[in-house]
Amino acid sequence: MAWILPLLFLAWPVIEIAAVITVAGWLGWPGAIAGIVLSGALGLALLQRQGLATARVAQDQMRQGEMPVGALFDGTCLALAGLLLLLPGFVTDLLALPLLLPPVRRLLGLALASRIRPMSSGPSPTPGRTTVIDGEWVVVDPENPETKDGSPKDPPRLG
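Residues numbered from 1 in each chain as written. Predicted model: local features only at pLDDT ≥ 70, side-chain atom pairs only at ≥ 80, totals over all residues. Heavy atoms only, no water.

**Q** What should I look at first to understand the nonpolar core in this one?
**A** The nonpolar side chains of soluble globular proteins are, as a tendency, buried together. One finds L46, C77, A81, L84, L85, A96 and L99 forming the largest nonpolar core, which totals 7 residues. Within the residue set of this core, elements represented by two or more residues are α3 (69-86) and α4 (90-100). If you tally residues by element for this core, the top one is α3, at 4 residues. Excluding its chain neighbours within four sequence positions, the residues that come into contact with L99 are C77, L78, L80, A81, L84, R105 and L108. (Core = buried A, V, L, I, M, F, W, Y, C linked by side-chain atoms within 4.5 Å. Buried < 20%, exposed > 50% of the residue type's maximum accessible area, 1.4 Å probe, protein only. Helix = DSSP H or I, 4+ residues; strand = E, 2+ residues; numbered from the N terminus. Contact = heavy atoms within 4.5 Å.)

Okay, structure coming up:
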């Protein structure tokens, strides 16, 4: 199984070159090159626009006290799509297109969330309930360590 990643890394350029030659056969070389350049420009624009938009949405959600998990996941998917569009080739462009569609991102997020287990070790606290620990305390002045009744008190020692 470990051999798949190096094989894919070596085969990917061959697959992309074959796809460019095929598209050039349909559209001609100027059309194929224009398609590669346009998809790269689209990827760059997408990365710039969506990166800032995701940061704004995440900030707004954090100000409201919410965890921006959905916004960050959408931003990550869009950034990956932009990166794939920036890479020259048509196969990477085809892989980027589904990540641009919100329903696909939602399904991918749900599939990923179902595989992640919470890292909680104990039962979660019920919302709205807090634990109050009642106790007594005395303020001790470090320069004049006397208790309320005037008798000197030794400062607490560890050990």
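**Q** Explain the side chain of T92 to me, please; I cannot follow it from the model alone.
**A** Among the structural elements, T92 can be located in helix α4. A polar atom in the side chain of T92 sits 3.3 Å from the backbone oxygen of L84. Of the polar contacts made by the side chain of T92, one reaches the backbone oxygen of G89; its length is 3.3 Å. Excluding residues within four positions of it along the chain, T92 makes contact with W12, E16, L84 and L87. (Polar contact = N/O pair within 3.5 Å; in protein donor to acceptor, adjacent residues only side chain to side chain.)

**Q** Help me understand the packing of helix α2 (residues 29-63) against α3, please; the structure alone is not making it clear to me.
**A** Axis angle and axis distance: for two packed helices, these are the angle between their axes and the distance between the axes, and together they describe the pair. With their axes 8 Å apart at the nearest point, α2 and α3 run at an angle of 170 degrees to one another. With respect to α3, the element α2 is oriented roughly antiparallel. Seen along the crossing, α2 lies across α3 with a hand that is left-handed. Contacts from S39, G40, L42, G43, L44, L46, L47, Q50, T54, V57, A58 and Q61 in α2 reach A71, L72, G75, L78, A79, A81, G82, L83, L85 and L86 in α3. (Axes fitted to C-alpha atoms, helices over the stretch in contact; angles between N-to-C directions. Parallel < 35°, antiparallel > 145°, perpendicular 65-115°, else oblique. Left-handed = near helix turned anticlockwise from the far one by under 90°.)

**Q** In this structure, what is going on with a nonpolar patch on the surface? I would like to understand it.
**A** A surface patch of nonpolar side chains, amounting to about 520 Å² of accessible area, comprises I17, I21, W29, I33 and V37. Looking at the nonpolar patch, the elements that each hand over two or more residues are α1 (4-27) and α2. It is α2 that provides the largest number of residues to the nonpolar patch, a total of 3 residues. Residue placement: I33 occurs in helix α2. I33 gets classed as partly exposed once you look at its relative accessible area, which sits at 48%. (Patch = residues over 30% accessible without salt bridge, like charges linked within 9 Å, V, L, I, M, F, W, Y side chains within 5 Å. Areas by Shrake-Rupley, 256 points an atom, 1.4 Å probe, with all protein chains shown as cover. Salt bridge = Lys/Arg side-chain N within 4 Å of Asp/Glu carboxyl O.)

**Q** Looking at this structure, I do not really get α1. What am I missing?
**A** Between its terminal C-alpha atoms α1 stretches 33 Å, which fits the 34 Å expected from 24 residues at 1.5 Å a residue. Maximum bend of α1: about 35 degrees, positioned at A11, with proline P13 one to four residues after it. When α1 is considered as a whole, its buried residues turn out to be E16, A19, V20, V23 and A24. Residues of α1 that are buried in the fold lie against α2 and α4. (Expected span 1.5 Å × (residues − 1). Bend = angle between axes of the 7 residues up to and from the residue.)

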